[in-house]
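Observations on the model geometry
Below are the chains, spelled out letter by letter.
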Amino acid sequence: MKTNDIILQTTTKVVLFIIILFSIFIFFRGHYTPGGGFVGGLLTSGAIVLLLLAFDMKTVAEILPINYIYMTATGLLFAGGTAAGALFFNVPFLTHAFGDVYLPILGETSLHTATIFDLGVFLVVVGVTMTIIQTIGGDE
Amino acid sequence: MSLLHLAIISPFLLAILVPILYKTFRQIHTGWFVLPLPILLFSYFLSFLSIQEPITKSVPWIPFLGIDFIAKIDGLSLLFALLITGIGSLVVLYSVYYLSKDKEKLNTFYVYLLLFMGAMLGVVLSDNLIVLYMFWEFTSFSSFLLIGYWYHKEKSRYGAQKSMIITVFGGLSMLGGIILLYIMTGSFNISEIMEIVPAISDHTLFIPALLCFLIGAFTKSAQFPFHIWLPDAMEAPTPVSAYLHSATMVKAGIYLVARMSPVFAAEGLWLWLVAGFGIVTLFWGSFNAVKQTDLKAILAYSTISQLGMIMSLLGIGAAALHFDGIEKSVYAAAITAAVFHLINHATFKGSLFMVVGIVDHETGTRDIRKLGGLMNFMPITFTLAIIGTFSMAGLPPFNGFLSKEMFFAGMLHVLDLDIFSFETWGLLFPVIAWLASVFTFLYSMILVFKTFTGKFQPEKLEKKPHEAPIGMLISPIILASLVIIFGLFPNILSNRMIAPAINAIMPGNTADVHISFWHGFTPELFMTIGVIALGILLFISLPKWRKVYDLFPKKLTLNRLYDGSLEFAQSISKQFTSSYMNGSIRTYLVYIFSFFIVILASTIAVKDAFKMDTSNISSVGFYEILLSLAIVVASISILFAKSRLTSIILLGSVGYTVSLFFVLFRAPDLALTQLVIETISVALFLLCFYHLPKNSKNEERIRFKMTNLLISIGVGAIVTVIALSAHSNKMFDSIAQYYVENTYEKAAGKNMVNVILVDFRGFDTLFEITVLSIAALGIFTMIKLKMNGGRKNENK
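Residues numbered from 1 in each chain as written. Chains lettered and ligands numbered in written order. Predicted model: local features only at pLDDT ≥ 70, side-chain atom pairs only at ≥ 80, totals over all residues. Heavy atoms only, no water.

Things to note about the overall build of chain A
Within chain A, the secondary structure is distributed over five helices and two strands. The order of α-helices and β-strands along chain A, N terminus first, is α-α-α-α-β-β-α. With respect to the three principal axes, the spread of C-alpha positions in chain A is 60 × 35 × 25 Å. By residue count, 46% of the 140 residues in chain A fall in the buried class. At a minimum sequence separation of 6, the contacts of chain A that also span at least 24 residues come to 64%. Looking at chain A as shown, the accessible area adds up to about 7,300 Å², and 74% of this sits on carbon and sulfur atoms. Here chain A holds 4 positive side-chain charges and 8 negative ones, and the gap between their average locations is 10 Å. (Helix = DSSP H or I, 4+ residues; strand = E, 2+ residues; numbered from the N terminus. Buried < 20%, exposed > 50% of the residue type's maximum accessible area, 1.4 Å probe, protein only. Contact = heavy atoms within 4.5 Å. Areas by Shrake-Rupley, 256 points an atom, 1.4 Å probe, with all protein chains shown as cover. Lys, Arg positive; Asp, Glu negative; His and termini not counted. Charge placed at Lys NZ, Arg CZ, Asp CG, Glu CD.)

And the structure:
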């Protein structure tokens, strides 16, 4: 259908990775500076949407053979699991834990269970957006 | 979290693993992975047999509302937990041989079964009524899935729906009862409520609460007139029937009545209702079982009747709690009989269901008109059937005989009660009980002799009958041997299981439980002899009087009432729905927005909420004015845009400008989110572009335009008014300061927005993403179903 989108396609190939890297960066720094799972997830889906615009649905499905519904489910499992996991330590539902841990290369790092929860949000956001876009876009 | 809680949720945890195990180990029957869990749980619960005092373990859940996950083990809950896990193990073992691993979707089956097992354990072990209710509805829901397991059969779907509608209706009524109890006592914990009860029995809400609880219990335990769902639920695979309808789910109602007895039994109404409905159900079930031709239907009606029997015994036993001055031990004996029969029923009915399953599995039919003479082909199954049915009929030396004698004894004692006209009307109890027992004897005999003796008709069977594989026989053999063991040595149960259970139902009971096999020439014994004599007579002359059943008008059955009201509700709601749902999203938006305007405007007018306070406004800068102008210009141009593409882009530009506002106000998080959302939604819009209908002629009409104009002005005005008032009405201090202070202290984060999202208001986020996922699934199914399944449905 499209014939002269060579510029878009070439740019996409480069920009895609930048956006995805940026979204991962944003996701991890969320607890301290602007960002987080929600925005990170949206950015990633934005990257995939860009890919969809540049190429067609079929090609994208070949490049990223992801079942987005499973992705959503995994995300929910992460979020719900982190929340329920607190119960095993005799604290109320959704209590987060954090602490500073010494890691070999990274040095003193603070780790949060909130990040796992946020990862769940990330996955759900990507999964949901892409499910919606794919089903509506794929509907002939 | 204690080991006890873990025991309750372990089936749910295993249920998560089952699909994975099923996919990974296709060549191994998934049942083998499931089997260890109930066995493990059974042995775990066995370890509680020697406890003297109830054990309570609590995990806070919503302490603020008085809802905590309290697991309590006392005699009654232990008895049920043992039944659930014990019969559960046998059922799983049986199902391994019953369900073929090549043909059936075993993953879903065992997920449902485990969900059900966990839910049942939760029901019997929770001391908190709200938690109990949660698990209670979980049993309704998982049994719905189990009954509808063969969902390609229309009857399965019908049965599943019926059981769901009736039991969930009862469950909701029970929730009402729970709330009423809470209003009266201020507690959801059963143990606490029991202590307060004497003070509240005169409360005006006491009787409504009692009725609500009874409806819940009666629907679950298939008591008349709610029993109609149980025969239809027989469309489930036989292991499910054996589990749900002999041992566990239908007994949840019994459990509830037993559990709540100390709360309600002081009220005379409880006595009458429980005993009355029980005895009616007993008779009606046994009377109807005789006319059934499907083996499983006979068992279904038999279960209904036996549940009625246990229920009536609990009702009579409640007399001991009602009075102070009477001979308590007599009525305690009725409760003993109830508990004892509960165990006996689980053993013999469980084995009978499995026997019927074997017959069905090996011959391909369950119709007694086609069966006959199977004795020679299936000697072991025949023996098991004999043991089960004779116990059900109340014949010595099986355990059913003992509990039936105790049942008669309990019914005879009704006459001694000199309250609520029990001394006169009470005479009906032993008479109906005796008659019902005759029919019980009759259908038991039909079940075994029409199937296993008589003429063998190979031409009517789908398969050539032969003995079942040994694996399928193990479970019924174990149950049948329990039938004999409990019959010959009933006292191995009495002190360890029955007495603690009675103590839970009747706190402070000291009566010694002793069940003797031979108890002299008592009226009960003569009643049994009478049952056998009349039963044999009726069995022989069955063809002659069977026409009695045809006399019953077919139009007057409860099933017709159920179907009729269901159809009525459907047609009414269809009419109502089609009157306002015309399929155009524009119309729906008109409804939504007019509702929005009316509700908000009237609230503001009634509450006099509009206020404008300009004292606290910050100055407006150059950039703000610029951005506002941009938004206004963009939104107005949308109105005049001729092509859709232009409108979409203009709408996008409004969104982008809003995100610039966020930048201006130094909210980078919001700005970032808004930007990305805007991008994606514009992309989504463009995708939908293809599907949008052509501009309709409607848009040209003045009336259409005027409606839109009115609504848009209304919405705009309301939103402005609310924004102004929200700024001016400061009823509380801002919560912002709390977050500023605690973000780093409590959550070790520096980004407040993110900490609020994942920590302080994590529940919001969790539910938001759940809602999002449901929305995505909804869109997915709607579009995919339209593409794939739609045509199929249209053809119907």
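Some details on the overall build of chain B
Helix and strand counts for chain B come out as 34 helices and two strands. Considered along the principal axes of its C-alpha atoms, chain B spans approximately 105 × 65 × 50 Å. In chain B, buried positions account for 51% of the 796 residues. Partitioning the contacts of chain B with sequence separation of at least 6, the portion at a separation of at least 24 is 79%. Within the structure as shown, chain B displays about 37,400 Å² of accessible surface, and the carbon and sulfur contribution to it stands at 69%. Side chains of chain B carry 55 positive and 46 negative charges; the gap between the two charge centres is 14 Å.

Let's talk about the interface of chain A and chain B
Counting from both sides, the interface comprises 45 residues of chain A and, opposite them, 43 residues of chain B. The junction of chain A with chain B conceals about 4,000 Å² of combined surface from both sides, 77% of it contributed by carbon and sulfur atoms. Joining chain A to chain B, the criterion identifies zero salt bridges. Connecting chain A to chain B are three residue pairs in polar contact (both at pLDDT 80 or more). Of all the elements in the fold, those that place two or more residues in the side of chain A that touches chain B are α2 (37-54), α4 (68-85) and α5 (113-138) of chain A. The leading source of residues in the side of chain A that touches chain B is α5(A), at 14 residues. (Buried area = accessible area lost by both parts, 1.4 Å probe. Salt bridge = Lys/Arg side-chain N within 4 Å of Asp/Glu carboxyl O. Polar contact = N/O pair within 3.5 Å; in protein donor to acceptor, adjacent residues only side chain to side chain.)

Describing the UniProt feature "domain: Na+/H+ antiporter MnhB subunit-related protein" (unreviewed entry) in chain A
In this numbering, the UniProt entry assigns the feature "domain: Na+/H+ antiporter MnhB subunit-related protein" (unreviewed entry) to residues 7-131 of chain A. For residues 7-131 of chain A, helix accounts for 68% and strand for 10%, while the C-alpha atoms at its two ends are 27 Å apart. (UniProt positions renumbered as here; feature names shortened; annotations may be inferred.)

Here's the deal with the side chain of B:Arg366
Residue and element names in this part refer to chain B. Topologically, Arg-366 is positioned in the loop between α16 (328-363) and α17 (379-393). For Arg-366, the side chain forms a polar contact with the side chain of Asp-360, separated by 3.4 Å. For Arg-366, the contacting residues outside a window of four places in its chain are Met-234, Thr-293, Asp-294, Leu-295, Lys-296, Val-356, Asp-360 and Leu-371.

A short note on the confidence of the model for chain B
For chain B, per-residue confidence averages 83 on the pLDDT scale, and residues scoring 70 or more make up 92% of the total. Here the predicted complex scores 0.76 on pTM and 0.90 on ipTM. (pLDDT = per-residue confidence, 0-100.)

Structural notes on the pattern of salt bridges
All names here are of chain B. In the structure shown here, the tally under the stated rule is five salt bridges over all chains. Close ionic contact of Arg-366 with Asp-294 constitutes a salt bridge, the shortest N to O distance being 3.0 Å. Residue Arg-366 is found in the loop between α16 and α17, and its partner Asp-294 is found in the loop between α13 (268-289) and α14 (295-317); the two are separated by 72 residues along the sequence. The exposure class assigned to Arg-366 is buried, which follows from its relative accessible area of 17%. The salt bridge partner of Arg-761 is Asp-764, with a shortest N-O separation of 3.1 Å. We classify Arg-761 as partly exposed; its relative accessible area is 43%. In this structure, a network of salt bridges that share partners links the residues Asp-294, Asp-360 and Arg-366.

Quick look at the pairing of strand β1 (residues 98-103) of chain A
Residue and element names in this part refer to chain A. Judged from the six bridges that link them, β1 and strand β2 (residues 107-112) form a sheet pairing that is antiparallel. Residue pairing in the sheet places Gly-99 in a bridge with Leu-111 of β2. Linkage of β1 to β2, two consecutive antiparallel strands, is achieved through a turn of three residues. (Pairing = 2+ DSSP bridges.)

Focus on the pairing of strand β2 (residues 67-73) of chain B
Residue and element names in this part refer to chain B. The buried count for β2 comes to seven of seven residues, which makes it a mostly enclosed element. The alternating pattern of β2 places Ile-67, Phe-69, Ala-71 and Ile-73 and Asp-68, Ile-70 and Lys-72 on opposite faces, both of which are buried. The antiparallel pairing of strand β1 (residues 55-62) with β2 creates a hairpin that spans four residues between the two strands, and Gly-66 there sits at a positive phi of about 75 degrees.

Re unusual backbone geometry
Residue and element names in this part refer to chain B. In this structure, Pro-225 follows Phe-224 across a cis peptide bond, with omega equal to 0 degrees. Inspection of the secondary structure puts Pro-225 in the loop between α9 (206-220) and α10 (229-232). Notably, Ala-222 is not glycine yet its phi reads approximately 55 degrees, a positive angle. Along the polypeptide, Ala-222 turns up in the loop between α9 and α10. Positive phi, close to 55 degrees, is recorded for Arg-666, a residue that is not glycine. Within the secondary structure layout, Arg-666 lies in the loop between α28 (644-664) and α29 (668-689). We classify Arg-666 as exposed; its relative accessible area is 76%.

Concerning the UniProt feature "transmembrane region" (unreviewed entry) in chain A
Residue and element names in this part refer to chain A. Residues annotated by UniProt as "transmembrane region" (unreviewed entry) correspond here to residues 12-32, 38-55, 67-91 and 111-133. Taken end to end, residues 12-32 has its terminal C-alpha atoms 30 Å apart, with 86% of it in helix and 0% in strand. Along residues 38-55 the backbone is 94% helical and 0% strand, and the end-to-end C-alpha distance reaches 26 Å.

With respect to the environment of B:Leu428
Residue and element names in this part refer to chain B. Its place among the elements puts Leu-428 in helix α19 (residues 428-452). Take Leu-428: its relative accessible area is 40%, and that puts it in the partly exposed class. Along the backbone, Leu-428 and Tyr-97 are 331 residues apart, and their C-alpha atoms lie at a distance of 46 Å.

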